[in-house]
Structure formats: structure tokens, C-alpha cells
Amino acid sequence: AKSSHWKKLLNSFLIPNLSKRKADIISTVEFNHTGELLATGDKGGRVVIFQREQESKNQVHRRGEYNVYSTFQSHEPEFDYLKSLEIEEKINKIRWLPQQNAAYFLLSTNDKTVKLWKVSERDKRPEGYNLKDEEGRLRDPATITTLRVPVLRPMDLMVEATPRRVFANAHTYHINSISVNSDYETYMSADDLRINLWNFEITNQSFNIVDIKPANMEELTEVITAAEFHPHHCNTFVYSSSKGTIRLCDMRASALCDRHTKFFEEPEDPSNRSFFSEIISSISDVKFSHSGRYIMTRDYLTVKVWDLNMENRPIETYQVHDYLRSKLCSLYENDCIFDKFECVWNGSDSVIMTGSYNNFFRMFDRNTKRDVTLEASRENSKPRAILKPRKVCVGGKRRKDEISVDSLDFSKKILHTAWHPSENIIAVAATNNLYIFQDKVN
């Protein structure tokens, strides 16, 4: 997590209209399993896939640059006539499936509908049909006097995205998470009150595995905020709640996992109790470590790491922006206190990363206990420039390189980040800009 080790790899991918159109705001970022592809989804329902450049002998340092590979419209705005509700097209989550053949597959979801997309390349086209002419029109069989053997001719490379499955009509509430199971045959989708299990081959049926909806909605005290499958055990998954708790469930125990196997909760410190305690304890993201031994959770002010074998308290707690504790009242008034920050592990589970305000993002090294604050902004993102650590000053005398907590821009927030599965390459979404940073190349 040394700041000097993070070097700007590429100019941010700026969408041409710099007025920050709402549709261009990035809403999710995800590397595929090899790290060769990086997908982003935005509020306009689009998915943009970037592909990593292959290393060339004369330009060794260029290895790692990501260029646009494919762009497609995943979701369109819809209207639920029964409930008189607009369903926005915003992509909430993208999850890649492991590559089985030459094509790539990914899941994307908006509030209500999950889609399975196939992304494939085509560099040949068939020619010489017997029953069709060159324009594709059907020929009169009477005019066919010879039998031709169709041939494949080379053509310019074309990347096609086609929807292979549409999983709809299973969620009453907004979908906040999708997670591919380690059996690669099933996945789950979670909304505020229910979690459903799907088979990739079956679109018209899903199994409800968690349902926390009370008979009387006035008795509702918590909602599901995130859910994820264990990376290796296909029967195990976790989900987090707005009360700051995490439940681990085992699908071998029963078909409906309303009774959890493990319950992770940290006792509240009475000295920190305030009007905002319940809001800031709500978990916005939960992630299994790659090893499957730990769970990481993000709430408003902290990142916590839990050992699966210890339920009563986290083994590590990292303060993301504790200087905001005194600002909670104004953050409540401008609704920022409800922002949902995500968190990610690096490939070896030794460093964790999460976002903050003012386009800052934080890294915590679990081994050395060192942490750093870095900034993703167009001003300091010239290609190959080394990122300088930033410090926030809380009261007292402000040093030259520090920024005052009162001058932080809360409209600039980094909610979505991703880490390459095996290398020190990170993707950071700052509103409508995507930044890609990599480890310093000597």
C-alpha cells in the first residue's frame, strides 16, 4: 500500500460530455477472473468492457493499458404498470463467469432484472450460400443450377454482445447484490428482503433461500444490504443487514435459510452511542477473502475484517474517515450518510481498499498495519505520474500538503472500486470517470 508504488497507468476514460450527465455516472466496476477484462456499468444502463493491451517487445512498459473492447446497452428504462413505478436502467452489479471457451459471459442487473450476456469475437464471415444471394435475400430455387460450398472469408474483428438469458419477475424489491456460486451452475440475487437462488439454464423459476419479510410490514426492523457466496464452498453464503450484522448460512441445513449458521455482530460501544449510530452501523458491502477464511464488511466510517471462526467481534477494524464523525449532522442533512461504499481485497488478501469523499480512496496493509490515502482526480492523473499520499487536517494548524476537513467535496465520492485478481492494478470509479492505476514500473 505504499503510495510511491502506485503509478498512473492511463488517462482516465472520460466520457466526452464532461457535464457529468446522470446517465454517465459509473455504478459498478468489476475485473474478470484473469484480469484481462474490466467491465463498468453506468446509470444509463450501459456496460463498457475494457481489454488489457498485450505486451509488445518494443514497448514493454505499455503492458497493462486497458482500451475499450465492447460497449452495449444492457438494460432499458421500464415501467411497472401494476405498481405505477418506473424501473430505472441503472446497472447495480456486474459479475463475470469463469471463461470456459473463446467467449466471455457476465451477469448484469438493474433493480429488477438480471441478464446473462455473451461477449464474443467474430473475424470471419460465411460467403457462397446456395439459397441466399450476397445481400441475404432468398433466391428462387428454380434459378439454382449448381451446388456451391460456402466458405469463410476474413473480415474486420467484430465484438458482439448478445443476451443469452433474462431472469425477471422474481424480485418485489430492489436487487442490491448478485453472486456467482463456485459450482458455476447457480447464482443468487438479493434484494432488500429476500435472496433467490437461480440456475443459469432456467429463467422462469428461482428458489427463495432467505426471506426476512415480516407478516406485518410495520414490524420491519432491518433490510438485507449485500450478499455473497463463499469462493470455494458452494453451500455457504453470507448476507449483511442494515443493523450492522452478518449472517452466514448453510444451504445443506435447510431449503429456506432463515435460520443462520453463524451470526457476526460487534457489541456497540456505549461511549460512541449517538442519534446516528444505527445509520452508520449499516453494512454497505460484504466480501469473502479469496482464501474463504475471512469476511470483510464496510460500514459508513470503518472497514472490518472478520474471521469465520469468531463471531463476537472482528479481528481487524480500520478507520476510513474518522474525521467525519463530528460532521455526521451535516452529512445526514445532505443525505451523504446513506452513501453505500464498497470494499475490495487485493489478490493475496493482504491489502484492502475502499473509497471516501473528495475523490479519495484508502488502502490498508493488513501485515504492516500501514495505511494511505490517495486521490483519483484529473488534476493529478497525468499518465505515469506517481500518486502522492493525501492527509486530512482536523482542526489546529494545517500543513502545506494537508487538506482541511471543512474543504472536502462531498459530491466527489468513490463508491466503486476493483482490484485485479493477481496483480497490483486497481480500477477506481469517480463519478463519470474511470481511473486505472498500477504498481510502479521501474
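Since this is a predicted model, take the numbers as computed values, not measurements.

> Describe in detail the overall build of the chain, supporting the description with residues and values.
In terms of regular secondary structure, the chain is built from 2 helices and 33 strands. The C-alpha radius of gyration computed for the chain amounts to 24 Å, which stays within 12% of the reference 22 Å derived for 442 residues, consistent with globular compactness. For the chain, the spread of C-alpha atoms along the principal axes amounts to about 90 × 60 × 40 Å. Counting every position in the chain, which comprises 442 residues, the buried fraction comes to 49%. Taking as baseline every contact in the chain between residues at least 6 positions apart, the subset at least 24 positions apart corresponds to 54%. Accessible surface computed for the chain: about 22500 Å², of which carbon and sulfur atoms make up 49%.

> Tell me about the pairing of strand β10 (residues 104–109), residues and numbers included.
Burial within β10 is extensive, with 5 of its 6 residues counted as buried. Relative to β10, strand β9 (residues 93–96) is paired through 4 bridges, and the arrangement is antiparallel. Looking at the pairing, Ile94 lines up with Ser108 of β10. Sheet topology note: the β10/strand β11 (residues 114–127) ladder contains 6 bridges and is antiparallel. Note on β11: the bridge partner recorded for Ser108 is Lys115. The antiparallel hairpin formed by β10 and β11 contains 4 residues in its connecting segment.

> So, a nonpolar patch on the surface: which residues are in play, and what are the values?
Taken together, Phe275, Tyr332 and Phe338 make up a surface patch of nonpolar side chains, about 340 Å² in accessible area. Its relative accessible area of 43% is what places Phe338 among the partly exposed residues.

> I'd like to hear about the sheet that holds β11, residue by residue, with values.
On the basis of which strands lie adjacent, the open sheet formed by 4 strands has the order β9-β10-β11-β12 and antiparallel pairing. Lying at the two open borders of the sheet, with one neighbouring strand each, are β9 and β12 (151–167). For this sheet the average axis-to-axis angle between neighbouring strands, irrespective of direction, equals 25 degrees. As defined by bridge partners, β11 adjoins β12 across 13 bridges and the pair is classed as antiparallel. Bridge pairing in β12 places Lys115 opposite Val166.

> Outline the environment of Pro77, supporting the account with residue identities and numerical values.
Assignment of secondary structure puts Pro77 in the loop between β6 (66–73) and β7 (78–80). In this structure Pro77 touches Ile87 and Glu89, once residues within four positions along its chain are discounted.

> Give me the nonpolar core: which residues, what numbers.
Formed by 19 residues in total, the largest nonpolar core has its most connected members in Tyr300, Leu324, Leu331 and Leu408. Once residues within four sequence positions are removed from consideration, Leu331 is found in contact with Tyr300, Leu324, Cys336, Ile337 and Phe410. Ranked by size, the runner-up nonpolar core spans 16 residues in total, among them Val351, Met363, Ile426 and Phe437.

> Can you lay out the packing of aromatic side chains for me, pointing to particular residues and giving the numbers?
Counting across every chain of the model gives 22 aromatic pairs. An angle of 5 degrees between the planes, with centres 6.2 Å apart, marks the rings of Tyr187 and Trp198 as stacked. Remark: Trp198 occurs in strand β15 (residues 194–199) and Tyr187 occurs in strand β14 (residues 186–191); sequence separation between them is 11 residues. Neither Tyr187 nor Trp198 differs from the other in exposure class; each is buried.

> Describe in detail the sheet that holds strand β28 (residues 371–375), supporting the description with residues and values.
The 4 strands lie next to each other as β25-β26-β27-β28, forming an open sheet whose pairing is antiparallel. The strands lining the two open edges of the sheet, one partner per strand, are β25 (343–345) and β28. Averaged over all neighbouring strand pairs, the angle between strand axes comes to 20 degrees, with direction disregarded. With 5 bridges joining them, strand β27 (residues 360–365) and β28 adopt antiparallel strand pairing. Bridged to Arg362 within β28 is Thr373.

> Which residues make up the confidence of the model for the chain, and what values do they have?
When pLDDT is averaged along the chain, the result is 89; 92% of the residues meet or exceed 70. Predicted confidence for residues 1–19 stays below pLDDT 50, and this span has 74 contacts to residues more than four positions away or in other chains.

> Can you explain the side chain of Asn32? Please cite residues and give values.
Tracing the backbone through its elements, the reader meets Asn32 in the loop between β3 (26–31) and β4 (37–42). Under the relative-accessibility criterion, Asn32 is labelled buried at 6%. In terms of polar contacts, Asn32 uses its side chain to reach the backbone amide nitrogen of Gly35, at 2.9 Å. Those residues in contact with Asn32 that lie beyond four places of it in its chain are Leu37, Trp96, Tyr104 and Pro421.

> So, the pairing of β14: which residues are in play, and what are the values?
Of all 6 residues in β14, 6 are buried; the element is thus mostly enclosed. As judged from the 5 bridges shared by strand β13 (residues 175–180) and β14, these two strands associate in the antiparallel manner. Across the sheet, the residue bridging to Ile175 is Asp191, located in β14. Where β13 hands over to β14, the hairpin turn is made up of 5 residues, of which Tyr184 adopts a positive phi near 55 degrees. Here 5 bridges tie β14 to β15, and the two strands are oriented antiparallel to one another. Residue pairing in the sheet places Tyr187 in a bridge with Trp198 of β15.

> Can you explain the pattern of salt bridges? Please cite residues and give values.
Following the criterion strictly, the structure yields 25 salt bridges and no others. Measuring nitrogen to oxygen at the nearest pair gives 2.9 Å for the salt bridge that ties Arg52 to Glu423. One end of the pair, Arg52, is in strand β5 (residues 46–52); the other, Glu423, is in the loop between β31 (416–419) and β32 (425–430), and 371 residues separate them in sequence. On the basis of relative accessibility, which here comes to 4%, the residue Arg52 falls in the buried class. Looking at Glu423, the relative accessible area reads 34%, which means it is partly exposed. Residue Glu201 is joined to Arg165 by a salt bridge in which the shortest nitrogen-to-oxygen separation is 2.7 Å. A residue pair is termed long-range when its members are at least 10 positions apart, and Glu201 in the loop between β15 and β16 (207–211) and Arg165 in strand β12 qualify at 36 residues. Judged by relative accessible area, Arg165 falls into the partly exposed class, the value being 23%. Salt bridges sharing common partners tie together Asp24, Asp42 and Arg46.

The rules behind the values
- Residues numbered from 1 in each chain as written.
- Predicted model: local features only at pLDDT ≥ 70, side-chain atom pairs only at ≥ 80, totals over all residues.
- Heavy atoms only, no water.
- Helix = DSSP H or I, 4+ residues; strand = E, 2+ residues; numbered from the N terminus.
- Rg over C-alpha atoms; globule rule 2.2 N^0.38 Å.
- Buried < 20%, exposed > 50% of the residue type's maximum accessible area, 1.4 Å probe, protein only.
- Contact = heavy atoms within 4.5 Å.
- Areas by Shrake-Rupley, 256 points an atom, 1.4 Å probe, with all protein chains shown as cover.
- Pairing = 2+ DSSP bridges.
- Patch = residues over 30% accessible without salt bridge, like charges linked within 9 Å, V, L, I, M, F, W, Y side chains within 5 Å.
- Salt bridge = Lys/Arg side-chain N within 4 Å of Asp/Glu carboxyl O.
- Axes fitted to C-alpha atoms, helices over the stretch in contact; angles between N-to-C directions.
- Core = buried A, V, L, I, M, F, W, Y, C linked by side-chain atoms within 4.5 Å.
- Phe/Tyr/Trp six-rings, centres within 6.5 Å; stacked < 30°, edge-to-face > 60°.
- pLDDT = per-residue confidence, 0-100.
- Polar contact = N/O pair within 3.5 Å; in protein donor to acceptor, adjacent residues only side chain to side chain.

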